[in-house]
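Spelled out, the chains give:
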Amino acid sequence: MKVCLVNPPFTERFCRSARWQASSKGTALWMPIWLIYATGVLEQAGHVCRLIDSPARRQSRRELIEEVRRFEPGLTVIYTATTSIHNDLEIAGLLKQARPEAKTAAVGPHVSVLPEESLRIGPGLDFVIRREFDHVLPRLADCLENNGRLEDVPGLSWLEDGACRQTGEALPLRDLDALPFSIQVIEKHLDIYDYRMDYLLYPWVQTYFGRGCAGRCVFCLWPQTFLGHTYRTRGLDSLMAELEYLDRRAPHVRELMIDDDSFTRDTDRVARFCEQKLTKGYDLRWTANVRPTIRDVAFLKLMKRAGCRAVVAGYESGSPEILKRIRKGITLDRMEDFARACREAGLQVHGDFIIGLPGENRKTVVETLEAALKLKPDTMQVSLALPLPGTEFYRWAKENGHLKTEDYSRFLDENGAQNVLVEYGDFSEADMKQAMYRILRRYYLRPGYIAGALGRIARDPHEAVKFWHAGLRFARYLVKGP
């Protein structure tokens, strides 16, 4: 079967497959990673695929519809997000009109949580595939091609005679080693140079060495709506094979982004990965998400020797009370120990902070700024809290009267930037936006930070490209104001 997988157009550089679904203040554009894996799995099963990433190509609706019509798929798969859901379902309808004989399926966290609602407001949809969909899609394609029974396809929802029909949940994918390498699909279907990330070297490749997270953070999207709370991992032979492929076939790639939520949960496994990488001589640099609790300098130095350039740390807040409320399971002291250990090991840290988590007020914002100045990440981002359906944060905000709107079309402004969706007493929307602006301005315009950035650029010219593009976008943000 011919299958077209679509990341549809929306606002400029819209990061639909990111944890924070918005257009970036910087240069960020994430790869459509879940569609990438799904495309590879479908091709492994013998189907003919076209992967279209409209935001990366700045493709209009009309251009997308024409491309899909020319491809003549039997199945069109549309990746959706809460913040763009009305747009996404409207485009599904337009694609259905352009190719009525093709079946249309929606995937992604939002439709996984709200399949019936999505089917009823999206008249162009035939199916919703809930949660992980890459290993379900070949079964659906085979079913449609061979006139099989929909009831035999797990994780499927559809409307029939006015009622919502659903099959049982698909089991989480266990054999992650069977997945294609993301770079194999990217090389065939996408242009790697379309994607930038403020804290990564360019060009870079996104990959997953495992799926799921044991953490219970109330705001986090992937574990609660998509991947689950069990961390499933690939074998070390599979990881080495991916590095070998990149070394041999894609030497232009400057950095590998290991995007697991729980990569350093098993430090013994990470140590074995580092040792094997060193033994085999693969010199590709890499960055990974880490839980900011690591204090073992020797372990971090091993990561550094094995090519780790930077780590991404979810600090979230500088308020001890907020850290407890969101069930982060980390103290400020532990974060400071982690930051010192990374500096001693020579690893850069990209710190993530959020304004608007449960209990936010003027005092907690000051605590977050003070924490950032103590932790001294090499780069940082500050986001507005985004309560998404299916998360505890969304349920809590709704039940306690803090959610400002349930209209998904108001989650972003007309440019794709986040709107403030929660309110806490007299801590207003303007206060939250001003707090985010003030923290970023205060942090990045410090003489010490500027001197450190210039030093990194002098030591590694590749850092200059990263800072140049991120700096231009950030300067525009500063001039525009909150």
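Owing to the predicted nature of the structure, the values given are computational and were not obtained by experimental measurement.

(A) Local environment of the sheet that holds strand S14 (residues 348-355). Across the sheet, which stays open at both edges, the six strands sit in the order S8-S11-S12-S13-S14-S15 with parallel pairing between neighbours. Two strands in the sheet have a free side with no partner beyond their single neighbour: strand S8 (204-207) and strand S15 (379-384). Ignoring which end each strand starts from, the neighbouring axes of this sheet average 20 degrees apart. Of the pairings in the sheet, the one linking S8 to strand S11 (residues 255-258) comprises four bridges and is parallel in character. Residue glutamine 206 lies in a different strand from S11, and its bridge partner there is methionine 257. The strands that helix H14 (residues 332-345) touches are strand S12 (285-290), strand S13 (308-316) and S14; relative to S13, the one it contacts most, it runs at about 165 degrees. With respect to the sheet, helix H15 (residues 362-375) is in contact with S13, S14 and S15, its orientation differing from that of S14 by roughly 180 degrees.

(B) The arrangement of the nonpolar core in detail. Counting residues in hydrophobic clusters, the biggest one holds 169 residues, and the most contacted among them are Leu5, Trp34, Phe133, Leu140, Phe273 and Trp286. With residues up to four places along the chain from it excluded, the contact list for leucine 5 reads Leu35, Ala38, Thr39, Leu42, Cys49, Arg50, Leu51, Ile52, Val77 and Leu137.

(C) Local environment of the pairing of S11. Residues Glu255 and Met257 of S11 are buried on one face, and the alternating residues Leu256 and Ile258, pointing to the opposite face, are buried as well. Summarising the sheet, S11 and S12 pair through four bridges and their orientation is parallel. Bridging across to S12, glutamate 255 finds its partner in arginine 285. Assessed by its sense of winding, the connection that carries the chain from S11 through helix H11 (residues 267-280) to S12 is right-handed.

(D) Examining the packing of helix H10 (residues 236-249) against H11 more closely. Relative to each other, H10 and H11 sit at 40 degrees, their axes nearing to 10 Å. By the angle between their axes, H10 is oblique relative to H11. Crossing geometry of H10 relative to H11 is assigned as right-handed. Across the interface between the two elements, Leu236, Leu239, Met240 and Leu243 from H10 touch Arg269, Arg272, Phe273, Gln276, Lys277 and Lys280 from H11. For the contact of H10 with H11, a count of residues per class yields five nonpolar, one polar and four charged.

(E) Broad picture of the environment of threonine 368. For threonine 368, the location among the structural elements is in helix H15. Threonine 368 gets classed as buried once you look at its relative accessible area, which sits at 0%. In this structure, threonine 368 is in contact with Ser317, Gly318, Ser319, Phe353 and Ile439, ignoring residues within four places of it in sequence.

(F) Just the pattern of salt bridges, in detail. Under the counting rule described, the total for this entry stands at 33 salt bridges. Residues glutamate 255 and arginine 309 are paired through a salt bridge, measuring 2.9 Å at the closest nitrogen-oxygen approach. Of this pair, glutamate 255 sits in strand S11 while arginine 309 sits in strand S13, and the two are 54 residues apart along the sequence. Of the residues examined, glutamate 255 reaches a relative accessible area of 0% and is grouped as buried.

(G) How the structure looks around the sheet that holds strand S7 (residues 163-166). The strand order S2-S1-S3-S4-S5-S6-S7 describes an open sheet built from seven strands, whose pairing is mixed. Because the sheet does not close on itself, it has two edges, and the strands there are strand S2 (48-53) and S7. Each adjacent strand pair in this sheet contributes to an overall mean axis angle of 20 degrees, direction not counted. The sheet strands contacting helix H1 (residues 33-44) are strand S1 (2-7), S2, strand S3 (75-79) and strand S4 (103-107), and the helix crosses S1 at an angle near 175 degrees. Docked against the sheet, helix H4 (residues 85-98) engages S3 and S4, running at close to 165 degrees with respect to S3.

(H) Inspection of the packing of aromatic side chains at higher detail. Counting across every chain of the model gives 24 aromatic pairs. Taking the centre distance of 5.4 Å and the plane angle of 45 degrees together, the rings of tryptophan 222 and phenylalanine 226 count as tilted. You can see tryptophan 222 and its partner phenylalanine 226 sitting in helix H9 (residues 221-227), four residues apart, about one turn around the helix. The residues tryptophan 222 and phenylalanine 226 share a single accessibility class, namely buried. Aromatic pair phenylalanine 263 and tryptophan 286: ring centres 5.9 Å apart, planes at 80 degrees, arrangement edge-to-face. Placement of the pair is phenylalanine 263 in the loop between S11 and H11 and tryptophan 286 in strand S12, with a sequence separation of 23 residues. Taking the relative accessible area as the measure of exposure, tryptophan 286 reaches 1% and is therefore buried. Through a chain of ring-to-ring contacts, the aromatic side chains of Trp34, Tyr79, Phe133, Tyr208, Trp222 and Phe226 assemble into a single cluster. One residue, lysine 2, lies across the ring of phenylalanine 71, its end atom 4.7 Å from the ring centre.

The rules behind these values
- Within each chain, residues carry numbers counting from 1 in the order of the written sequence.
- Since the coordinates come from a predicted model, pLDDT governs what is reported: local features require at least 70, and pairs of side-chain atoms require 80 or more to be given and counted, while whole-chain, interface and lining totals use all residues.
- Hydrogens and water molecules were not included; the side-chain quantities draw on all heavy atoms of the structure.
- Note on pairing: DSSP must find at least two bridges between two strands before they are called paired.
- The way it works is that DSSP assigns letters per residue, a run of H or I at least four long becomes a helix, a run of E at least two long becomes a strand, and they are numbered from the N terminus.
- Angles run from 0 to 180 degrees between N-to-C directions of axes, and those axes are lines fitted to C-alpha atoms, restricted for helices to the stretch in contact.
- Contacts: residue pairs with any heavy atoms within 4.5 Å of one another.
- Take the buried Ala, Val, Leu, Ile, Met, Phe, Trp, Tyr and Cys residues and link them wherever side-chain atoms come within 4.5 Å; each set so joined is a nonpolar core.
- Categorising residues by exposure relies on relative accessible area from a 1.4 Å probe, with only protein chains included: less than 20% of the type maximum marks a residue as buried, more than 50% marks it as exposed, and the intermediate range marks it as partly exposed.
- With the strands aimed away from the viewer, a crossover counts as right-handed if its path from the first strand over the helix to the second runs clockwise.
- Roughly parallel here means an angle under 35 degrees, roughly antiparallel means over 145, roughly perpendicular means 65 to 115, and every remaining angle is called oblique.
- Left-handed is the label given to a crossing in which the near helix is rotated counterclockwise from the far helix by less than a right angle, and right-handed is the label when the rotation is clockwise.
- Charged means Asp, Glu, Lys or Arg here, nonpolar means Ala, Val, Leu, Ile, Met, Phe, Trp, Tyr, Cys or Pro, and polar covers whatever is left, Gly included.
- The salt bridge criterion pairs a side-chain nitrogen of Lys or Arg with a carboxyl oxygen of Asp or Glu, the two atoms within 4 Å.
- Aromatic pairs are defined between Phe, Tyr and Trp rings, using the six-membered ring for Trp, whenever the two ring centres lie within 6.5 Å; interplanar angles under 30 degrees are classed as stacked, those over 60 as edge-to-face, and all others as tilted.
- Cation placement over rings: the criterion is NZ of Lys or CZ of Arg within 6 Å of the ring centroid and within 35° of the ring normal.

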